Amino acid sequence: MAVIKARSQDIDLLARLMRAEAEGEGEQGMLSAGNVMVNRVRAVCLDFEDIRTVPLMVFQSPGGFEATQKGYFYQGARERERRLARKLVQGKRYVPGEFDLWFFRPDGPCPAQWWGQWNSGRFKLHCFYSPLPSECPSVYTVY
């Protein structure tokens, strides 16, 4: 059962964003980043109160993804990334990223907090950050 609504063009958009943000970190890196993306559509809290669709999540401004401003993002989706995107839309969760709403790539170690959110882990070059359950209970719900 899908945890967010996603038409085939939404799967393509999610796949392109996952690739543009984390392809260099392999499938696990793209899945962890993709969890953050799906969580932003699911979460009804903080900066994501009105983000209910994949396109709104991808192009959120301010607070969206830097990759949408690079040419690589605009290349067509590939079947490999579509397969990964479909796993996430079907509710698969990966650590880090399982309950996270943010990730970024620092020049050094992961800060304990980023924009007031706590570090939940690192995968290769990206640090992941979760909201407190009291700030965003919807991201922690089990589907």
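Parameters and conventions
Residues numbered from 1 in each chain as written. Predicted model: local features only at pLDDT ≥ 70, side-chain atom pairs only at ≥ 80, totals over all residues. Heavy atoms only, no water. Salt bridge = Lys/Arg side-chain N within 4 Å of Asp/Glu carboxyl O. Helix = DSSP H or I, 4+ residues; strand = E, 2+ residues; numbered from the N terminus. Buried < 20%, exposed > 50% of the residue type's maximum accessible area, 1.4 Å probe, protein only. Disulfide = S-S within 2.5 Å.

Enquirer: What is the right way to read the pattern of salt bridges from this model?
Expert: Close approach of charged atoms allows side chains of opposite charge to pair. A complete count under the given rule lists nine salt bridges for this structure. Between R80 and E27 there is a salt bridge, with its nearest N and O atoms 3.5 Å apart. With R80 in helix α4 (residues 79–89) and E27 in helix α2 (residues 26–42), the pair connects residues that are 53 residues apart, well separated along the chain. Look at R80 and you get partly exposed, because its relative accessible area is 34%. Residue E27 is classed as partly exposed on the basis of its relative accessible area of 31%. Each of D12, E79, R82 and R86 takes part in salt bridges that share partners, so that together they form one network.

Enquirer: Whenever I open this one, the state of the cysteines confuses me. Can you help?
Expert: Taken as a whole and assessed by the stated rule, the structure comprises two disulfides. Residue pairing for C45: its cysteine sulfur links by disulfide to C136, the two sulfurs lying 1.9 Å apart. Across the S-S bond linking C45 and C136, the dihedral sits near -70°, which makes this disulfide left-handed. Within this pair, whereas C45 is found in the loop between α2 and α3 (54–58), its partner C136 is found in the segment after β4 (126–130), the two being separated by 91 residues in sequence. Assessed through its relative accessible area of 2%, C45 is described here as buried. In this model, C110 is linked to C127 through a disulfide, with the two sulfur atoms separated by 1.9 Å. Between C110 and C127 the sulfur-sulfur dihedral comes to about -90°; the bridge is accordingly left-handed. Of the two residues, C110 sits in the loop between β1 (102–104) and β2 (113–114) while C127 sits in strand β4, which places them 17 residues apart along the sequence. According to the relative accessible area criterion, C110 is partly exposed, its value standing at 22%. Sequence-ordered numbering of the disulfide-bonded cysteines in the protein chain gives the connectivity 1-4, 2-3.

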